Amino acid sequence: MLNPARQRARMVRNQIARRGVSNPDVLAAMRRVPRERFVPAHLAAFSYDDGPLPIEAGQTISQPYIVALMIEAAKVAFGDRVLEIGTGSGYAAAIISRIVDHVYTIERHAVLADMARRRLTDLRYENVDVRTGDGTHGWPEAAPFDAILVAAGGPEVPDTLRRQLKVGGRLVMPVGEHDDQRLVKLVRTGEDAFQQEDLGGVMFVPLIGAHG
Ligand code: SAM
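Residues numbered from 1 in each chain as written. Predicted model: local features only at pLDDT ≥ 70, side-chain atom pairs only at ≥ 80, totals over all residues. Heavy atoms only, no water.

1. Looking at the layout of surface pockets
The criterion, for reference: Using protein atoms alone on a 1 Å grid, points that fit a 1.4 Å probe yet trap it form a cavity, whereas open point sets bounded by protein on both sides within 12 Å along at least five of seven lines form a pocket; residues with an atom within 4 Å of a point count as lining. Grid points are joined across faces, edges and corners, and a volume is the space filled by probe spheres set on the points. Strands here mean DSSP runs of E at least two residues long; helices mean DSSP runs of H or I at least four residues long; both are numbered from the N terminus. The nonpolar class holds Ala, Val, Leu, Ile, Met, Phe, Trp, Tyr, Cys and Pro. Asp, Glu, Lys and Arg form the charged class, and all remaining residues, Gly among them, are polar.
What the largest pocket holds in volume is close to 630 Å³. Lining of the largest pocket is provided by 40 residues; of these, T60, S62, G86, A151 and V205 occupy positions nearest its centre. Counting only elements with at least two residues in the lining of the largest pocket, the list comes to β2 (60–61), α3 (64–73), β3 (81–85), α4 (91–97), β4 (102–107) and β6 (145–150). It is α3 that contributes the most residues to the lining of the largest pocket, four residues altogether. When the residues that make up the lining of the largest pocket are grouped by side-chain class, the tally is 23 nonpolar, 13 polar and four charged.

2. A closer look at the site of the ligand
Counted only if it meets this: Summary of the distance rule: residues count as near a molecule or strand when at least one heavy atom falls within 4 Å of that molecule or strand. Two N or O atoms form a polar contact when they lie within 3.5 Å of each other; inside protein one atom must be a possible hydrogen donor and the other a possible acceptor, and for residues adjacent in sequence the pair counts only when both atoms belong to side chains. To be clear on the numbers: accessible area is Shrake-Rupley with a 1.4 Å probe, and residue cover counts the displayed protein chains and nothing else. A molecule is counted as occupying a cavity or pocket when more than half of its atoms fall within 2 Å of that pocket's grid points.
Within the structure, the ligand sits among 27 residues, and E84, S89, E107, G135 and I208 are positioned closest to it. D134 places a side-chain nitrogen or oxygen 3.0 Å from a nitrogen atom of the ligand. Surface burial for the ligand is 99%, taken as the share of its 600 Å² of free accessible area covered by protein chains. More than half of the atoms of the ligand fall within 2 Å of the grid points belonging to the largest pocket. Elements supplying a minimum of two residues to the shell around the ligand: β2, β3, α4 and β4. Of the residues in the shell around the ligand, the class split is 12 nonpolar, 11 polar and four charged.

3. Description of the packing of helix α1 (residues 4–16) against α3
Using the following cut-off: Between N-to-C directions, angles span 0 to 180 degrees; the directions come from axes that are lines fitted to C-alpha atoms, helices contributing only their stretch in contact. For classification purposes, angles smaller than 35 degrees are called roughly parallel, those larger than 145 roughly antiparallel, those between 65 and 115 roughly perpendicular, and all remaining angles oblique. Residues count as neighbours in contact if any of their non-hydrogen atoms are within 4.5 Å of one another.
At a closest axis distance of 10 Å, the pairing of α1 and α3 adopts a crossing angle of 75°. Accordingly, the angle class assigned to the pair α1 and α3 is roughly perpendicular. Counting all contacts with α1, which are made through M11, Q15 and I16, the residues of α3 involved are P64, Y65 and A68.

4. A short note on the sheet that holds β3
The cut-off we apply is this: Paired strands, as defined in this entry, are two strands with at least two bridges between them according to DSSP.
The mixed open sheet is built from seven strands, whose spatial order is β5-β4-β3-β6-β7-β8-β9. Of all the strands in the sheet, the pair left with one neighbour each is β5 (128–132) and β9 (193–202). When the angles between neighbouring strand axes are averaged without regard to direction, this sheet yields 15°. Docked against the sheet, helix α5 (residues 110–122) engages β4 and β5, running at close to 165° with respect to β5.

Below is the structure:
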């Protein structure tokens, strides 16, 4: 079996770059973060497979390609402050943290938030704050954000989250019913103006919360 660094290089080449993700910062971060540290120990051998994997609390760590696609679409860059809803394993937050200034991430299951916090600390990824709670309220004290990524699907983009974007900020979220979800990108173009783009069909676990 290839060592993890070589498996990551192969994952980036075959699963991510080949499907059109080209942002060099995203590809470099995906090459760098050890996904095997974010999956349950008994599934470590499948860390670099081309799909989601089950994690604790009946949730999933997303497919590497989808993580890369969402981060590229959100146009995150050096200096940004980014909010993620749905920490899950902490993997996507770890990737984002290698690119931007600071990541704020919220997870409703305390067991997942605690594990993610521990992993990120062990890896010395110090620019990530993990909070347990309902992410549909956003993180008002840290707003506004350059980008918001929502890793769970809801019927519409919660207004609370739109309002926590900077003007010029980007939000990426799966919208729709479970069997008919589209990955949607919003750009806040003014105080009350948003541009919306459809990035294609996806399948995510549901966003469960007051504004979900
Ligand atoms: N980004 C994660 C990763 O890298 O492992 C994958 C996230 S998983 C697809 C979606 C997560 O969203 C689940 O862990 C779920 O518990 C969480 N979630 C759903 N609704 C939520 C809410 N209202 N607030 C915070 N987390 C929520």
